Amino acid sequence: MTNEFYHLPVLSQELITGLMIRPGGHYLDATLGGGGHSKLILAGAPDVQAIGIDRDGDAIAAAQNNLQDYGNRVQFWQGNFAQYQPGAILFDGIIADLGVSSAQFDIPERGFSFRHTADLDMRMDRNQSLTAAEIINDWDEVKLAKIFYEYGEERLSRQIARRIVEKRPFQTTTELASAIASSVPGKYRYGRIHPATRVFQALRIVVNGEISALETFLSLAPNWLKPGGIIGIISFHSLEDRLVKHSFRNSPWLQVITKKPIMATEKELAENPRSRSAKLRLAQRISILI
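Residues numbered from 1 in each chain as written. Predicted model: local features only at pLDDT ≥ 70, side-chain atom pairs only at ≥ 80, totals over all residues. Heavy atoms only, no water.

## Let's talk about the packing of aromatic side chains
So, step 1. One pass over the full model with this rule turns up five aromatic pairs.
So, step 2. Arranged with centres 5.3 Å apart and planes meeting at 70°, the rings of W77 and Y84 form a pair that is edge-to-face.
So, step 3. On the numbers, 6.0 Å between centres and 70° between planes, the contact of F217 with W224 is edge-to-face. The burial state of F217 is the same as that of W224; both residues are buried.
So, step 4. The structure contains a cluster of three or more aromatic residues connected by ring pairs, namely W77, F81, Y84, F217 and W224.
So, step 5. Geometry around W139 places K143 over its ring, the cationic atom sitting 4.0 Å from the centre. (Phe/Tyr/Trp six-rings, centres within 6.5 Å; stacked < 30°, edge-to-face > 60°. Buried < 20%, exposed > 50% of the residue type's maximum accessible area, 1.4 Å probe, protein only. Lys NZ or Arg CZ within 6 Å of the ring centre and 35° of its normal.)

Below, the structure is given as structure tokens:
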């Protein structure tokens, strides 16, 4: 599986520039993926050290392979970034790319995408019990509509939830996507994005507890930075971006660097269409409370 796990890092040059990497600095990559951003950090200045976190064992294994040339300059920790405890370490920089890795979308058995027929899974950590199948097949209509609206920002959440309850049980991603498509008007069905996109986003967020984990991480991470250290977060939908924006702005320990988020260039968009919704925000740890 490790040779199949890849993730093309987005906004990489903008992130590395924004971090202002220091020789001998210590950095935390809170969403390691295949190690793309960490590799750029480690190569960014002499004697840099990094710690990489990921919930996905396949990601950790792939990153260990991709970063093996850096030896003991890089360490790995498998788990939820909201549960990480750095101890006495203070970092010169912290990054998090909140997007789902390309491998998680493109390896069918992970169940993240309706482009492949697969079991309704969506677990980033496959040791946990809750899956998308349990949510879709067991949760009541009101609860389903609520998560589709809150976490997918899906305005047709009620009629989609009603159709799902009528047609369940579902076993596969494509069965669910077809049922969702059949529940919405034709003009919506053939719009710019597939009508199942927002529902699948909501399911992934709930399965993995992404919003609550991000809230916890954003409250803790400023305390892990040295004075002058920089935190950079890349988000991919408005729920995450609002959380990052408000957390940076409201933290007594951070000075916002990016008044508006940094977006992908036309060149990057052409090379990697998945970067189109990426937004990078940066903030710097101050030395005294303001």
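Once you've had a look at it, read on.
## Some words on the side chain of S113
So, step 1. With respect to the secondary-structure elements, S113 resides in the loop between α4 (102-106) and α5 (132-138).
So, step 2. For S113, a relative accessible area of 7% puts it in the buried group.
So, step 3. Within the structure, the side chain of S113 is placed 3.0 Å from the backbone nitrogen of R115, a separation counted as a polar contact. (Helix = DSSP H or I, 4+ residues; strand = E, 2+ residues; numbered from the N terminus. Polar contact = N/O pair within 3.5 Å; in protein donor to acceptor, adjacent residues only side chain to side chain.)

## Concerning helix α1 (residues 12-19)
So, step 1. Among the residues of α1, those classed as buried are S12, L15, I16, G18 and L19. Buried residues of α1 fall within an arc of 165° about the axis and therefore sit on the same side. Among the exposed residues of α1, those pointing more than 90 degrees away from its buried face are Q13 and T17.
So, step 2. Against α2 (36-42), β4 (91-97), β5 (225-235) and β7 (279-285) lie the buried residues of α1.
So, step 3. Backbone geometry just downstream of α1 places M20 in the positive-phi region, at approximately 50°. (Arc of directions from axis to C-beta. Contact = heavy atoms within 4.5 Å.)

## Comments concerning the pattern of salt bridges
So, step 1. For the structure shown, the criterion picks out twelve salt bridges.
So, step 2. Close ionic contact of E153 with R242 constitutes a salt bridge, the shortest N to O distance being 3.4 Å. One end of the pair, E153, is in the loop between α6 (141-152) and α7 (157-167); the other, R242, is in helix α12 (residues 238-250), and 89 residues separate them in sequence.
So, step 3. Here K279 and D241 are joined by a salt bridge, their closest N and O atoms 3.9 Å apart. (Salt bridge = Lys/Arg side-chain N within 4 Å of Asp/Glu carboxyl O.)

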